[in-house]
Amino acid sequence: MNELLQRGPEILPGSWKYEWVASVVAKAAEYAGRPSHWNGKLYEQPGPVSGLYHRDGSMTISREHVLDPARPAFTPEQTATSSELSAAAGPTKMAIFQARLSLSEFGDDTVPGATPVGSLEDLALENALADRFTNRYGGRIAEDLTEQPLSMLGQSPSFPAYTTATDRLMYSVGGVAGMGPEKLRDLIESTERPQRFNAIADAALDHQLGDLVPDSHRDQLRQDLTGPLRRGLGGLTMTEYSELTHPGSKYGWGERSAERTADEFIENLADIVDHYDSWAEQNPGVEPPELPDSLREKFLDREEQTQQVWADAGWPAQQPVAGREQAYNERLPEQPYPNARQQEIAKLQQFLWSHTAPSQQGSTTVDASGRPDNVRQIGTRKPERGVE
Amino acid sequence: MDAYREAQRLYAQAMLSTASGQDRIAELEQTVQRIGELVPTAAPGDRAAVLLMNSSLVELIAGESR
């Protein structure tokens, strides 16, 4: 086993360390209104890592970086010094963040249409949800667990672009899904990770069209709607991890990216609704056909337009739209990359394209269904999942 | 460049890597160690973010190792 995945000594129930982590997890579950999937097994996390929530339900947590520095603020018979309280804030945040991760289900990401756990869009969404939860409830959880004045303020954001974009999407997409942002957030959080984007699409389709959509159309419509969400959130990796983007400006990029993502999602949805509503009105009782090719071309046009908006804004998240790679490459000018920022962006684009292009993803579904090559197929990733 | 941003740079470098399999895992491990070396020099308010970044990298290692 990889050294970083090896667990340190088990932390046993009855010890302060165990009981504290258990109380943080219990509080996280209480505030979330959902159970944790932690199986009760806890181990020390070696190395410079806060901890990990494992697929088998166990958790590791760093004694050096989390448990030891947090302890003075949570020991009832001890009055922590101001410097101890200050040093305990970050570790408490990490413990709460990890407790929140344990509320998510890993699920099965090998079924068709699933989002691979560890993909860019999965990491963006999960980290955003955990970050928002930690920021929202961290102070209250700390207050519940200690009478000492532990302030959770002053901590740097962990994932500012992901979190801002996801917040924005909750409002925009929640509206067309017939639910408020918090209800949509609850729906996503309570859905296992590989099915979250599908759950968003289903909520919107069900609200807008009810039973007008035949079950056999559902998978393709999900892809038409989840595509913008996946590209928008996955593309934010460029922003989130860029050395050249100041943390403060990441909020702005997250906001603007989410706005475009929501527009694309909502416009695609409107076209889908129009197709089924029109058919039902003109052909009552007759099963509707799938979306026409002309509408799928419109979706591709929209995807290109979104890219252009980003490019015009100075953040050219350019990737050729599936099925239009040749035309894209032919019109691409020579890129001299006059500065480090553009060079970095080019490298990030190349990376993202290599990991998200449908042409890079082996798909037996596409071949079997006979659908045109220019239809983005989701959930048919190559066997080695995750970010390479 | 401060430790927080340097950690982000290292993370970006790891994410951009085209390596795969064991080479990929080795690169991720190396990045975790290098980011770890930055932790003591990070501002107190940045340390949690830096360590959570490392946790995310280890999650990727776990995914690669599956």
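These numbers were taken from a predicted model, which means no experiment stands behind them. (Residues numbered from 1 in each chain as written. Chains lettered and ligands numbered in written order. Predicted model: local features only at pLDDT ≥ 70, side-chain atom pairs only at ≥ 80, totals over all residues. Heavy atoms only, no water.)

**Student:** Lay out the overall build of chain B in plain terms, naming residues and giving numbers.
**Tutor:** Helices and strands together make up the secondary structure of chain B, namely three helices and zero strands. What you see in chain B, going N to C, is helices and strands ordered as α-α-α. The C-alpha atoms of chain B give 12 Å as radius of gyration, which agrees with the globular expectation for 66 residues (11 Å, within 12%). Buried positions account for 59% of the 66 residues belonging to chain B. Considering only contacts within chain B whose residues lie at least 6 apart along the sequence, 66% involve residues at least 24 apart. Of the roughly 2,600 Å² of accessible surface on chain B, a fraction of 46% belongs to carbon and sulfur atoms. (Helix = DSSP H or I, 4+ residues; strand = E, 2+ residues; numbered from the N terminus. Rg over C-alpha atoms; globule rule 2.2 N^0.38 Å. Buried < 20%, exposed > 50% of the residue type's maximum accessible area, 1.4 Å probe, protein only. Contact = heavy atoms within 4.5 Å. Areas by Shrake-Rupley, 256 points an atom, 1.4 Å probe, with all protein chains shown as cover.)

**Student:** Any chance you could break down the overall build of chain A for me, citing the residues and the numbers?
**Tutor:** Within chain A one finds 14 helices and three strands. Across chain A, contacts joining residues at least 24 apart in sequence account for 71% of those joining residues at least 6 apart. When the accessible surface of chain A is totalled, it reaches about 16,300 Å², and 49% of it is carbon and sulfur.

**Student:** Give a detailed account of the environment of Asp 202 of chain A, specifying residues and quantitative values.
**Tutor:** Residues and elements named next belong to chain A. By secondary structure assignment, the location of Asp 202 is in helix H7 (residues 196-209). The exposure class of Asp 202 is buried, given its relative accessible area of 15%. A polar atom in the side chain of Asp 202 sits 2.6 Å from the side chain of Arg 222. (Polar contact = N/O pair within 3.5 Å; in protein donor to acceptor, adjacent residues only side chain to side chain.)

**Student:** I'd love a proper account of the confidence of the model for chain A, names of residues and values included.
**Tutor:** Residues and elements named next belong to chain A. Per-residue confidence for chain A gives a mean pLDDT of 82, with 76% of residues at or over 70. Across residues 332-337, where pLDDT falls below 50, the model places three contacts with residues more than four positions away in sequence or in other chains. Across residues 355-388, where pLDDT falls below 50, the model places 78 contacts with residues more than four positions away in sequence or in other chains. (pLDDT = per-residue confidence, 0-100.)

**Student:** Give a detailed account of the sheet that holds strand E3 (residues 59-61) of chain A, specifying residues and quantitative values.
**Tutor:** Within a sheet, adjacent strands bond to each other through the backbone by hydrogen bonds, running parallel or antiparallel. Residues and elements named next belong to chain A. Pairing in this open sheet of three strands is mixed, and the strands run E1-E3-E2 from one edge to the other. Only two strands of the sheet have a single partner each, and these edge strands are strand E1 (42-44) and strand E2 (51-53). Strand-to-strand, the axes of this sheet are offset by a mean angle of 25°, without reference to chain direction. Here E2 pairs with E3 via three bridges, running antiparallel. Considered in E3, the bridge of Gly 51 is made with Ile 61. Relative to the sheet, helix H1 (residues 16-32) contacts E1 and E3, its axis offset from that of E1 by approximately 120°. Its contacts with the sheet place helix H3 (residues 82-101) against E2 and E3, and it is angled at close to 15° to E2. (Pairing = 2+ DSSP bridges. Axes fitted to C-alpha atoms, helices over the stretch in contact; angles between N-to-C directions.)

**Student:** Provide a residue-level description of the packing of aromatic side chains, including the pertinent values.
**Tutor:** Residues and elements named next belong to chain A. Within the structure shown, the criterion is met by six aromatic pairs over all chains. Taken together, a centroid distance of 5.6 Å and an interplanar angle of 10° make the contact between Trp 16 and Trp 20 stacked. Taken as a pair, Trp 16 and Trp 20 lie in helix H1 at a separation of four residues, close to a single helical turn. Here the two residues Trp 16 and Trp 20 agree in accessibility, since each one is buried. Centre to centre, the rings of Trp 20 and Phe 74 are 5.2 Å apart; their planes meet at 55°, and the pair counts as tilted. With Trp 20 in helix H1 and Phe 74 in the loop between helix H2 (63-70) and H3, this pair connects stretches of sequence that are 54 residues apart. For the residue pair Trp 20 and Phe 74, the accessibility class agrees, reading buried in each case. (Phe/Tyr/Trp six-rings, centres within 6.5 Å; stacked < 30°, edge-to-face > 60°.)

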